[in-house]
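Take a look at the letters that make up each chain.
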Amino acid sequence: MQGIPQPGRTEVLQLPRVHISRHPVMAHKMTLLRNKETPAAQFYRLVKEIGSLLAYEATAGLALREKTIETPLEQMQGYKLAGGIGITPILRAGLGLAEGFREVLHDVQIWHLGLRRDERTLQALEYYNQLPHKVDLQICYAVDPMLATGGSAIDAVNILKAKGIQRISFVCIIAAPYGLLKLSEAHPDIDIYIAALDERLNDQGYIVPGLGDAGDRQFGTF
Ligand code: PRP
Ligand code: URA
């Protein structure tokens, strides 16, 4: 990122479809997650828990269908989610977040998508794709803890759109202003849910202050 101008936080705070968590429990867990002393097992557990909190926020606008049930006392009109839900974890760091989503939404399809960022060029390369042939969902959530340059997220949404998914949300733990702006410009029709908006990318394309490498910290591969 050397020599590439980056927007500041204030420049992206007003982007129309960006939702930044304001929940105190999230802020508490984010501090534990960022701490370099947090061991891998706890880090993975925190990613899952943060995934569940983000799932709660990102599903607030889902459509419902009426459903009649009997309580032990009488009949009542209840609700069920209208239409299927897909979760696309961007491998490998998205796996923990997807697990957190599954704790909240049990009846989901998981569509694995492998994208690896080339650490020299910072370009994302697709290496695995388990998207089904038949697509019949009300929404698909692409989940990845880090939105850095935005390359991986933009490619993931391109791949989902090419499959014919009508409604997509991107969910991440930490975003850099640069990647957030790039993703919003490339895909202005998606909602973006994030736990924290950080300051900038360093010369190596890492988010600062960030949390380091989200994949390595979840899976202990240092
Ligand atoms: C990380 C992260 C994102 C990507 C973000 O994955 O999980 O997928 O980098 O960077 P970008 O916004 O600049 O594209 P990485 O490629 O390191 O793979 P991993 O999940 O296997 O660790
Ligand atoms: N990927 C990560 O895991 N961390 C960053 O800070 C940027 C990309």
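Check the entry above for the structure.
Residues numbered from 1 in each chain as written. Chains lettered and ligands numbered in written order. Predicted model: local features only at pLDDT ≥ 70, side-chain atom pairs only at ≥ 80, totals over all residues. Heavy atoms only, no water.

(A) How the structure looks around the packing of helix α5 (residues 151-162) against helix α6 (residues 177-186). Between α5 and α6, the shortest axis-to-axis distance is 9 Å and the interhelical angle comes to 20°. By the criterion of interaxial angle, the relationship of α5 to α6 is roughly parallel. For the pair α5 and α6, the sense of crossing is right-handed. Taking contact as the criterion, the partners of A153, I154 and V157 in α5 are, on α6, K182, L183 and A186. (Axes fitted to C-alpha atoms, helices over the stretch in contact; angles between N-to-C directions. Helix = DSSP H or I, 4+ residues; strand = E, 2+ residues; numbered from the N terminus. Parallel < 35°, antiparallel > 145°, perpendicular 65-115°, else oblique. Left-handed = near helix turned anticlockwise from the far one by under 90°. Contact = heavy atoms within 4.5 Å.)

(B) Local environment of the environment of L46. Structurally, L46 can be placed in helix α3 (residues 40-58). As for L46 and K29, which are separated by 17 residues in sequence, their C-alpha atoms are 6.8 Å apart.

(C) Quick look at the packing of aromatic side chains. Applying the stated criterion to the full structure yields 2 aromatic pairs. With centroids separated by 6.0 Å and ring planes inclined at 50°, the aromatic side chains of Y44 and F219 adopt a geometry described as tilted. Here the residue Y44 occupies a position in helix α3, and F219 occupies one in helix α7 (residues 214-219), the gap between them amounting to 175 residues. Overall, the relative accessible area of 34% leaves F219 in the partly exposed class. Both rings, one in F101 and one in Y141, keep their centres 5.3 Å apart while their planes meet at 50°; by these two values the pair is tilted. Taken together, the residues span a long stretch of sequence, with F101 in helix α4 (residues 94-104) and Y141 in strand β8 (residues 139-143) at a distance of 40 residues. A cation over a ring is seen here: R116 above Y127, with NZ or CZ 4.4 Å from the ring centre. We note R117 situated over the ring of Y206; from NZ or CZ to the ring centre the distance is 5.7 Å. (Phe/Tyr/Trp six-rings, centres within 6.5 Å; stacked < 30°, edge-to-face > 60°. Buried < 20%, exposed > 50% of the residue type's maximum accessible area, 1.4 Å probe, protein only. Lys NZ or Arg CZ within 6 Å of the ring centre and 35° of its normal.)

(D) Summary view of the pairing of strand β6 (residues 113-117). Buried residues dominate β6, accounting for 4 of its 5 residues. Across 5 bridges, β6 lies against strand β7 (residues 124-129) in antiparallel orientation. From the neighbouring strand, R116 faces β7, where its bridge partner is L125. Linking β6 to β7, which pair antiparallel, is a turn of 6 residues; within it L122 sits at a positive phi near 65°. (Pairing = 2+ DSSP bridges.)

(E) Examining the side chain of R217 more closely. Position of R217 among the secondary structure elements: in helix α7. Here R217 is buried and forms no salt bridge, its nearest opposite-charge partner E37 lying at an N-O distance of 8.4 Å. Sequence-distant contacts of R217, defined by excluding residues within four places in its chain, comprise L33, R34, N35, K36, T38, A40, F43, L211 and F222. (Lys, Arg positive; Asp, Glu negative; His and termini not counted. Salt bridge = Lys/Arg side-chain N within 4 Å of Asp/Glu carboxyl O.)

(F) Molecular detail of the site of ligand 2. Close contacts around ligand 2 come from R117, M146, A148, G205, Y206, I207, G212, D213 and A214, and that covers them all. In the model, a nitrogen atom of ligand 2 is placed 2.8 Å from a nitrogen or oxygen of the G212 main chain. Here A214 contributes a backbone N or O atom positioned 2.8 Å from an oxygen atom of ligand 2. Burial of ligand 2 by the protein amounts to 89% of the accessible area it has alone, namely 240 Å². (Near = heavy atom within 4 Å. Polar contact = N/O pair within 3.5 Å; in protein donor to acceptor, adjacent residues only side chain to side chain. Areas by Shrake-Rupley, 256 points an atom, 1.4 Å probe, with all protein chains shown as cover.)

(G) Local environment of the pattern of salt bridges. Inspection of every chain in the model, using the stated rule, returns 6 salt bridges. R117 is paired through a salt bridge with E119; the nearest N and O atoms lie 3.6 Å apart. On the basis of relative accessibility, which here comes to 48%, the residue E119 falls in the partly exposed class.

(H) Spotlight on the site of ligand 1. Taken together, 16 residues are adjacent to ligand 1, and R117, D144, T149, G150 and S152 come closest. For ligand 1, an oxygen atom lies 2.9 Å from a polar atom in the backbone of A148. The side chain of S152 places a nitrogen or oxygen atom 2.6 Å from an oxygen atom of ligand 1. Coverage of ligand 1 by the protein amounts to 92% of the 500 Å² it exposes when considered alone. Of all the elements in the fold, those that place two or more residues in the shell around ligand 1 are β6, β9 (146-147) and α5.

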